[in-house]
Amino acid sequence: MERNELIQEAFKAMENAYAPYSNYHVGAAVLCTDGKVFLGANIENASFGATNCAERSAVFAAYSNGYRKDTIEALAIVSDGGRIAAPCGICRQVLSELLKPDTPIWLSNGRDDCDTNMEELLPMQFSQEDVLR
Ligand code: THU
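Values in this document were obtained by computation on a predicted structure and should not be read as measured data. (Residues numbered from 1 in each chain as written. Predicted model: local features only at pLDDT ≥ 70, side-chain atom pairs only at ≥ 80, totals over all residues. Heavy atoms only, no water.)

## Some points on helix H1 (residues 3–14)
The criterion, for reference: Each helix is a run of DSSP H or I of at least 4 residues and each strand a run of E of at least 2, with the numbering of both proceeding from the N terminus. Multiplying 1.5 Å by the residue count of a helix minus one yields the expected span of that helix. The contact criterion used throughout is that any non-hydrogen atoms of two residues lie within 4.5 Å.
In a regular helix each residue adds 1.5 Å, so twelve residues correspond to 16 Å; H1 covers 17 Å between its end C-alpha atoms and thus fits that length. Of the surrounding secondary structure, the elements contacted by the buried residues of H1 are strand S1 (26–32), strand S2 (37–41), strand S3 (72–79), strand S4 (105–108) and strand S5 (113–116).

Structure representation (structure tokens):
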């Protein structure tokens, strides 16, 4: 599956966003090495801190089905915002643990695009190496 196809999958996931508070819709799609795709959307909550972002939903779905960083090939994240949505701070911490530093992360809002990875998004991260010393 190519970059643009995975981005299209993320746009499909965005249709399932549950965002009654922000009305800001985000979708994500994880491509695994065997071709399987896991989707995620942002799922909000009246207790705002309980909200789950789209990229965490998608990566948690992949992990919940047995996939790990070695079997994840790419992540696409899209939004309906006026500019591309880069992952929030909490997601950067989560993704830095669950993706390889150089796994491609493709961002789009349908107009602008940006290709990045965790190495770029979260340098000097607090990681497993700090805890499991
Ligand atoms: N959101 C995501 O799903 N991913 C991001 O990277 C940025 C923010 C969601 C959380 C919340 O539901 C809405 O966007 C507005 O913050």
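## Quick notes on the site of the ligand
Basically, it comes down to this: Throughout, the term near means that a residue has one or more heavy atoms lying within 4 Å of the molecule or strand in question. By the criterion applied in these results, polar contacts are pairs of N or O atoms within 3.5 Å in which, for protein atoms, one can donate a hydrogen and the other can accept it, and in which residues neighboring in sequence qualify only through two side-chain atoms. Residue exposure ignores everything except the shown protein chains as possible cover, and the areas themselves are Shrake-Rupley values with a 1.4 Å probe.
In the vicinity of the ligand, the residues found are Ser22, Tyr24, Val26, Asn42, Glu44, Thr51, Cys53, Ala54, Glu55, Ala86, Pro87 and Cys88. Contact distances for the ligand include 2.5 Å between an oxygen atom and a side-chain N or O atom of glutamate 44. The side chain of glutamate 55 places a nitrogen or oxygen atom 2.5 Å from an oxygen atom of the ligand. Relative to its unbound accessible surface of 370 Å², the ligand loses 78% to contact with the protein.

## Considerations on the nonpolar core
So the rule is basically this: Remark: nonpolar core denotes a set of buried residues (Ala, Val, Leu, Ile, Met, Phe, Trp, Tyr, Cys) joined through side-chain atoms within 4.5 Å. Relative accessibility decides the category of a residue: with a 1.4 Å probe and only protein chains considered, values under 20% of the type maximum give buried, values over 50% give exposed, and everything between is partly exposed.
Residues Val30, Ile72, Leu75 and Ile105 are the most contacted members of the largest nonpolar core, which totals 24 residues. Elements with a minimum of two residues in this core: S1, helix H2 (54–64), S3, helix H3 (89–98), S4 and helix H4 (118–121). The greatest single-element share of this core, amounting to six residues, is contributed by H2. Apart from the residues within four sequence positions on either side, isoleucine 105 is in contact with Leu75, Ile77, Leu99, Cys114, Asp115, Thr116, Asn117, Met118 and Leu121. The next biggest cluster of nonpolar side chains, apart from the first, holds eleven residues, and it includes Ile7, Met14, Ala76 and Val78.

## With respect to the packing of H2 against H3
Short version of the rule: An axis is simply a line fitted to the C-alpha atoms; with a helix, the fit covers only the stretch in contact. Between two such axes, the angle follows the N-to-C directions and lies from 0 to 180 degrees. These descriptions rest on fixed angle ranges, namely under 35 degrees for roughly parallel, over 145 for roughly antiparallel, 65 to 115 for roughly perpendicular, and the rest for oblique. A clockwise turn of the near helix away from the far one marks a right-handed crossing, whereas an anticlockwise turn of less than a right angle marks a left-handed crossing. Each residue gets one of three labels, nonpolar for Ala, Val, Leu, Ile, Met, Phe, Trp, Tyr, Cys and Pro, charged for Asp, Glu, Lys and Arg, and polar for the others, Gly among them.
In the contact formed by H2 and H3, the axes pass within 10 Å of each other and the chain directions differ by 25 degrees. The orientation of H2 relative to H3 falls into the category roughly parallel. H3 is crossed by H2, and the crossing has left-handed handedness. Residues Glu55, Arg56, Val59, Phe60 and Tyr63 of H2 lie in contact with H3, whose contacting residues are Ile90, Cys91, Val94, Leu95, Glu97 and Leu98. Of the residues contributing to the contact of H2 with H3, the split by class is eight nonpolar, no polar and three charged.

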